[in-house]
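A structural walkthrough
So the chains spell out like this:
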Amino acid sequence: MFLKVSPYRLLKLIGGPGVQCCRHAHRYKQEYDVCIVGGGIVGLATAQELIKRYPHLRFAVVEKEKELAMHQSGHNSGVIHAGIYYTPGSLKAKLCVEGLHLTYQYCDKFNIPYRKVGKLIVATNAVEAKRLDGLYERGLKNNVPGLDIVGPDQIRQIEPHCRGLKAIYSPETGIVDWGLVSRHYGKNFQDHGGDIFTEFEVEKFTLSSTPSASESSGSSRSTVTVHGSNGESLQCQHIVTCGGLHSDRLAQLSGCSSEPRIVPFRGDYLMLREEKQYLVSGNIYPVPDPRFPFLGVHFTPRMDGSVWLGPNAVLALKREGYKLFDFSLKDTLDAASFRGLRKLAFKHLFFGMGEFYKGVVTSALVKDLQKYIPDVRPEDVIRGPSGVRAQALDNDGNLVDDFVFDEGEGELSHQVLHVRNAPSPAATSSLAIGKMITDKVESKFSLGQA
């Protein structure tokens, strides 16, 4: 497709997907029909779907970083999930299974590399084996393709160094570089005529009335101005925010409640040394323990050949803090003052202390890993990268595990849709989520109607 070139081109993706160069634009005067706030995988999937359905409308994406997919979309395990874990009939289950198929189709169509390495969910004792049976039934009800229950001998055939009583085997689980996928969504959006503004951190929205070009009676229509922190601004008719780690703060700009609150949890990974990467060929996951809020350690092969181990889960003292000592006073006070986090911390105090200990003492995390692969040793691992998860919490300390959409109050609420929570596995589900959000945008804003 022809890519229009003009003095106002804001972000140009050149070469293969994921290769990009950026330049600034200040106070771009063109008015858009819809502005999507957030250049992560959910925002870009939504933008791509919107412009595909409505090629005659004008769309823009604004992103506060220099590049797309800089945070959750580019700091994750890279797994294409099959949809085993989620409650049958739930939106999460439906979107994940749909997203699994759409992801493989998309990658095949655009020659984005991926690998179907499979996944073992391994039970190491009788209690876990009983829970595993329930998990298997859940996966079958979710129509997860190719699921099977395997015993110790079959586990060793699939993963020669793994040990367990029994396991669920998911051959359709895969791996991909989600940052690369996200940037391809952006390239596709741009190739269809969409504009992307980088280094545009949204500071506020204002509503103004402009004369209606379609009516001669002197009537006016409402236009939203999106203001950036460095003086940039653009005008649009409607706004969709997909702000990830800042979704609650963006929602408050149009009068929404502060809840659910986003609390950042950092996950620190270890990596197998290169000479030990033969120990793992596919994903090896634990059976979830319902007593604890997070999944637990697992083995994750990567597209570059490395193998990630972990992660733990600890409170991050900065919403985009990927290092142990990254700190933001604003973010820390915001989290510490939230009643929901205090209740969650009190309920899982010992779990939280254990997770912090594993993040500091490598051998403690390795001990958990040895339940599945006894041959791994502390000297076989090195410290790896970290990611920060945008965990939505309610005021009672419950993890919000469903999609949350919001609008706010007042006149601005009629022109804004906030995606306040798009729960994991949002990357796998991104194309399906983009379709769902687009359906909501169509309904709320009556897109395409005169």
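No experiment lies behind these values; they were computed from the predicted model shown.

So, how was this worked out
- Residues numbered from 1 in each chain as written.
- Predicted model: local features only at pLDDT ≥ 70, side-chain atom pairs only at ≥ 80, totals over all residues.
- Heavy atoms only, no water.
- Salt bridge = Lys/Arg side-chain N within 4 Å of Asp/Glu carboxyl O.
- Helix = DSSP H or I, 4+ residues; strand = E, 2+ residues; numbered from the N terminus.
- Buried < 20%, exposed > 50% of the residue type's maximum accessible area, 1.4 Å probe, protein only.
- Patch = residues over 30% accessible without salt bridge, like charges linked within 9 Å, V, L, I, M, F, W, Y side chains within 5 Å.
- Areas by Shrake-Rupley, 256 points an atom, 1.4 Å probe, with all protein chains shown as cover.
- Pairing = 2+ DSSP bridges.
- Disulfide = S-S within 2.5 Å.
- Phe/Tyr/Trp six-rings, centres within 6.5 Å; stacked < 30°, edge-to-face > 60°.
- Lys NZ or Arg CZ within 6 Å of the ring centre and 35° of its normal.

A separate point is the pattern of salt bridges. Summed over the entire model, instances satisfying the criterion amount to 27 salt bridges. Between K94 and E98 there is a salt bridge, with the nearest N and O atoms lying 3.5 Å from each other. In this pair, K94 and E98 both sit in helix α2 (residues 91-110), four residues apart, roughly one turn of the helix. Residue classification places K94 among the exposed residues on the basis of a relative accessible area of 52%. A salt bridge links E355 to K358; its shortest N-O distance comes to 3.4 Å. In this pair, E355 and K358 are both assigned in helix α9 (residues 349-360), three residues apart and thus about one turn of the helix distant. Accessibility classification places E355 together with K358 in one group, the buried group. Through salt bridges with shared partners, a single network forms among E49, K52, R53, K435, D439 and E442.

So, about a nonpolar patch on the surface. Judged by side-chain polarity, L315, L317, F327, L329 and L333 come together as a nonpolar surface patch covering roughly 460 Å² of accessible area. Given a relative accessible area of 53%, L329 falls into the exposed group.

Turning our eyes to something else, we now look at the sheet that holds strand β10 (residues 174-176). Strand order in the open sheet formed by three strands is β5-β10-β6, with antiparallel pairing between adjacent strands. Unpaired on one side and paired on the other, β5 (79-80) and β6 (114-115) mark the two borders of the sheet. Bridge count for β5 against β10 is two bridges, and the pairing is antiparallel. The residue of β10 that forms the bridge with I80 is G174.

Take the state of the cysteines next. Each disulfide consists of a covalent bond between the sulfur atoms of two cysteine residues. Across all of its chains, the model carries zero disulfides by this definition. C107 forms no disulfide, and the closest cysteine sulfur to it belongs to C96, at a distance of 14 Å. Under the relative-accessibility criterion, C107 is labelled buried at 2%.

What the rule picks out here adds up to nine aromatic pairs. Taking 4.9 Å as the distance between ring centres and 45° as the angle between the ring planes, the aromatic pair formed by Y104 and Y114 counts as tilted. Of the two residues, Y104 is situated in helix α2 and Y114 in strand β6; the sequence distance between them amounts to 10 residues. Among the residues examined, Y104 registers a relative accessible area of 6% and is labelled buried. What makes Y114 partly exposed here is its relative accessible area of 24%. A network of ring pairs unites the aromatic residues Y32, F197 and F200 as a single cluster. The positively charged end of K116 is found above the aromatic ring belonging to Y104, 4.5 Å away from the centroid. Sitting over the face of the ring of F405, K440 holds its NZ or CZ atom 4.8 Å from the ring centroid.

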